[in-house]
Amino acid sequence: MAGPAPAQGQARATRKLLIRTWGCQMNVYDSGRMADILAPLGYAPTESAEEADMVILNTCHIREKASEKVFSDLGRLRETKKARAAEGRQTVIAVAGCVAQAEGAEITARAPWVDIVLGPQTYHRLPEMVARASRAAGAVIETDFPAEDKFDHLPEARAPQGPVAFLTIQEGCDKFCSFCVVPYTRGAEFSRPAAAILAEARQLAANGAREIALLGQNVNAWAGASPDGNSWRLARLLRELAEIPGVARLRYTTSHPRDMDDDLIAAHGEIPSLMPYLHLPVQSGSDRVLAAMNRGHKADLYFRIADRLREARPDLALTSDFIVGHPGETAADFDATMRLVERIGFAGAYSFKYSARPGTPAASMAGLVPEAEKDSRLQTLQALLRQQQDDFNRACVGRVVDVLITGTGRHPGQVAGRSPWLQPVHATGAAPVGAVVPMTLEAALPNSLSANMVHEESAAA
Ligand code: SAM
Ligand code: SF4
C-alpha cells in the first residue's frame, strides 16, 4: 500500500486526509491526483486514521483477496468514525477505485457508514461529492463513466512526487481477457493527448522528477492526438519525452505483447534514457490457454518479441505476469508455461493463482482446476522465477551502473536508490536525492543490491 503524495502550496490546511491505496501503480497515480484535487479545500495528508477528517480507500478488484481486504479495513474504520463522533469530530469515508466501481451497491449495503462511493473515472468530481456528502443522509454514489474527460477537470498543478513520478497516459482496456475485470471497472481504452502528457511531464521534471514511469492498463496501445495534428504511437511520445530537460529516465508499464510495434522495439535501442527494463505480461506459455484467455497471440509471438528486444538492447531485463490454473489448464499446458520461463529467463515476475471474478467470461468456464493443484503449480513456477531473479541479480554484481538516489538507506550514512533494472540499491556515502550516481554493484542480497559509489555524484541528466 502506498500513501498519497504530500500536497504542496496550501495556504491553510485545516483538515486531514488519509488515502490508502491498493493495487497497481495507476491507483497510486490516482491517489496522488485525489490529494491534488482536495488540497485546495484545505485537506493536508496524514497517515493516521484517528486524525483524518476524510479517509479514502482507493481499491483494487483484480483478485478476490484484494476486494475482501477493503471490507475488513472498512470494519476498523467504522470504530474510528464512532470514536471521533463521540468527540464531536466528523469523518467522511470514501471508497474509490475498482471495487467501488464493481461493487458500489454492495459496499453501501454492507458498510452503511461509508459516505462516498466513486469509480476511477469520476474522482475529478470529489469536491462536489464531499459537499453533497456533508449535506446528504445516505451515501453519495458516482460510478458512471461520465462523458467529460476527467483529465480535463483535474488541477494542472501536481504536488511534487520526488525523484520518481508516475504519469498516466492511457486508461481502460478493449481486450477483454477472459479472466480480467479491468474492461468493466476502468471502461473503454482511452489515450490522453500528447500535448497534455508532455505538459504534465515538464511540470513533474520542474518539480524534481528524474525518472518518469508512464502508466496505462495497456500503455503500449497508447495512440494519442499529437500537437502536429497527427496521431502518435508510444515510441514517438517517448522520443519527445526524452528531450525534456531533467528527465534522466523513462519507463512504461503495463504493456501487452500484441501492441509491441516495430518502432517501440527499435526505441529500446535508440533512446538512452529509456531504461533497459520491460514488464511484458504473458500469463501462460500454452497456446491453448492463451486462446482460452482471449489474449490474441501465441507463445511464439512472445519469443519473437523477446529476441528482437534483446537484439535492440542486449542488457534489457524482462519481467512478466503469470496466471496458473485458468479454467481448462492441464498439466501439459502448465509445462508449456515452465518451458516458456526457462527459454526467456526473467529478471522478475508476478505470478498468481487464477481467481474467478464475477461477470468475466472465465468465471463461467468449465474445467476448474482444483485449489491444491493450483497451489502446487504456483509453487513450482515461483521456485523457477525466484531462481531466475536471483541469477539475474547475481549476474549484475561487478557491473558499474547509474543509480538514481531516492532517499537514505536503512543504516546511518547510507543512501538508497534504484538501478536501471529497478533493483533497490544501497551504498555507503552521501548524495542528494535525485542525483544519478555511478556505482559498482558489490553483492546481491535477498531483496536488494549493495554497491560502492564510483564518484560522489555524476552530472548525468
Ligand atoms: N493489462 C495487463 C496485461 O494485459 O497483462 C495486466 C493488468 S492486471 C491489472 C495485472 C495482472 O493481474 C495480470 O497481468 C494478471 O496476471 C493478474 N490477474 C488479472 N486478473 C486475474 C484473475 N482473475 N486471477 C488471477 N490473476 C489475475
Ligand atoms: Fe485485463 Fe487483458 Fe486488458 Fe490486461 S489486456 S487489462 S489483462 S483485459
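Just so you know, these numbers come straight off a predicted model, no measurement behind them. (Residues numbered from 1 in each chain as written. Chains lettered and ligands numbered in written order. Predicted model: local features only at pLDDT ≥ 70, side-chain atom pairs only at ≥ 80, totals over all residues. Heavy atoms only, no water.)

### What to know about the pattern of salt bridges
- Applying the stated criterion across every chain yields a total of 36 salt bridges.
- Across the pair Lys 82 and Glu 79 runs a salt bridge, and its minimum N-O distance is 3.8 Å. In this pair, Lys 82 and Glu 79 are both assigned in helix 2 (residues 64-86), three residues apart and thus about one turn of the helix distant.
- One salt bridge in this structure joins Arg 89 and Glu 87, with 2.7 Å as the shortest N-O distance.
- For Arg 89, a relative accessible area of 33% puts it in the partly exposed group.
- Among the residues examined, Glu 87 registers a relative accessible area of 55% and is labelled exposed.
- Where salt bridges share partners, they join Arg 125, Glu 128, Arg 132, Glu 142 and Asp 144 into one cluster. (Salt bridge = Lys/Arg side-chain N within 4 Å of Asp/Glu carboxyl O. Helix = DSSP H or I, 4+ residues; strand = E, 2+ residues; numbered from the N terminus. Buried < 20%, exposed > 50% of the residue type's maximum accessible area, 1.4 Å probe, protein only.)

### Points about the nonpolar core
- Core analysis: the largest hydrophobic core is formed by 54 residues, its most contacted members being Leu 214, Leu 237 and Tyr 252.
- Counting 25 residues, the second-largest nonpolar core is a separate cluster that includes Tyr 43, Met 54, Ile 56 and Ala 96. (Core = buried A, V, L, I, M, F, W, Y, C linked by side-chain atoms within 4.5 Å.)

### Considerations on the site of ligand 1
- Around ligand 1, the structure places 16 residues, and the nearest of them are Phe 179, Gln 217, Gln 283, Asp 321 and Ser 355.
- Here Phe 179 contributes a backbone N or O atom positioned 3.0 Å from a nitrogen atom of ligand 1.
- Between an oxygen atom of ligand 1 and a side-chain N or O atom of Gln 283, the distance comes to 2.7 Å.
- Out of a free accessible area of 560 Å², ligand 1 has 90% covered by protein chains.
- Elements supplying a minimum of two residues to the shell around ligand 1: strand 15 (317-324) and strand 16 (348-353).
- Per-class residue counts for the shell around ligand 1 are six nonpolar, five polar and five charged. (Near = heavy atom within 4 Å. Polar contact = N/O pair within 3.5 Å; in protein donor to acceptor, adjacent residues only side chain to side chain. Areas by Shrake-Rupley, 256 points an atom, 1.4 Å probe, with all protein chains shown as cover. Nonpolar A, V, L, I, M, F, W, Y, C, P; charged D, E, K, R; others polar.)

### Regarding the packing of aromatic side chains
- Scanning the entire structure with this criterion turns up five aromatic pairs.
- Between Phe 176 and Tyr 184, the ring centres sit 5.5 Å apart and the planes meet at 75 degrees, which makes this aromatic pair edge-to-face.
- On the basis of relative accessible area, Phe 176 is assigned to the partly exposed category, the value being 37%.
- For the ring pair Phe 392 and Trp 421, a centre distance of 5.9 Å and an interplane angle of 85 degrees mean the geometry is edge-to-face. Note that Phe 392 is positioned in helix 12 (residues 371-396) and Trp 421 in the loop between strand 18 (414-418) and strand 19 (424-428), a separation of 29 residues in sequence.
- Exposure remark for Trp 421: the relative accessible area of 6% places this residue in the buried category. (Phe/Tyr/Trp six-rings, centres within 6.5 Å; stacked < 30°, edge-to-face > 60°.)

### With respect to helix 3 (residues 97-110)
- The largest bend in helix 3 amounts to roughly 95 degrees and is located at Glu 103.
- For helix 3, the set of buried residues is Gly 97, Cys 98, Val 99, Ala 100, Gln 101, Glu 103, Gly 104 and Ile 107.
- For helix 3, the secondary structure elements touched by its buried residues are strand 3 (54-59), helix 2, strand 4 (92-96), strand 5 (116-118) and helix 5 (182-185). (Bend = angle between axes of the 7 residues up to and from the residue. Contact = heavy atoms within 4.5 Å.)

### Quick word on the UniProt feature "binding site: [4Fe-4S] cluster 1" (unreviewed entry) in the protein chain
- Here the UniProt feature "binding site: [4Fe-4S] cluster 1" (unreviewed entry) sits at Cys 24, Cys 60 and Cys 98. These annotated residues cover 75 residues of sequence, and their C-alpha atoms lie no more than 10.8 Å from one another, placing them together at a single site.
- Position of Cys 24 relative to the elements: it lies in the loop between strand 1 (15-21) and helix 1 (25-38).
- Cys 24 gets classed as partly exposed once you look at its relative accessible area, which sits at 37%.
- Looking at the element boundaries, Cys 98 is found in helix 3.
- Residue classification places Cys 98 among the buried positions, given a relative accessible area of 8%. (UniProt positions renumbered as here; feature names shortened; annotations may be inferred.)

### Considerations on the environment of Gly 104
- Residue placement: Gly 104 occurs in helix 3.
- Judged by its relative accessible area of 8%, Gly 104 falls in the buried class.
- For the pair Gly 104 and Gly 429, spaced 325 residues apart in sequence, the C-alpha separation works out to 50 Å.
- Ignoring anything within four residues of it in the chain, the contact list for Gly 104 reads Val 99 and Val 117.

### Details of the UniProt feature "domain: MTTase N-terminal" (unreviewed entry) in the protein chain
- What UniProt calls "domain: MTTase N-terminal" (unreviewed entry) maps, in this numbering, to residues 15-135.
- Taken end to end, residues 15-135 is 50% helix and 20% strand, and its first and last C-alpha atoms sit 18 Å apart.

### Focus: the packing of helix 11 (residues 331-344) against helix 12
- At a closest axis distance of 10 Å, the pairing of helix 11 and helix 12 adopts a crossing angle of 5 degrees. Taken together, the axes of helix 11 and helix 12 lie roughly parallel to each other. Contacts between helix 11 and helix 12 pair Ala 331, Phe 334, Thr 337, Met 338, Val 341 and Glu 342 from the former with Arg 377, Thr 380, Leu 381, Leu 384, Leu 385 and Gln 388 from the latter.
- When the residues that make up the contact of helix 11 with helix 12 are grouped by side-chain class, the tally is seven nonpolar, three polar and two charged. (Axes fitted to C-alpha atoms, helices over the stretch in contact; angles between N-to-C directions. Parallel < 35°, antiparallel > 145°, perpendicular 65-115°, else oblique.)

### A few points about the site of ligand 2
- Taken together, the residues surrounding ligand 2 are Cys 173, Lys 175, Phe 176, Cys 177, Phe 179, Cys 180, Val 182, Pro 183, Asn 218, His 256 and Arg 295.
- Within the shell around ligand 2, the residues separate by chemical class into seven nonpolar, two polar and two charged.

### Some remarks on the sheet that holds strand 6 (residues 140-142)
- One open sheet accounts for six strands, arranged 2-1-3-4-5-6; its pairing is parallel. At either margin of the open sheet sits one strand with a lone partner, and together these are strand 2 (43-45) and strand 6. Geometrically, the sheet is characterised by an average inter-axis angle of 20 degrees between neighbouring strands, direction not taken into account.
- Lying on the sheet, helix 3 is in contact with strand 3, strand 4, strand 5 and strand 6; it crosses strand 5 at an angle near 135 degrees. (Pairing = 2+ DSSP bridges.)

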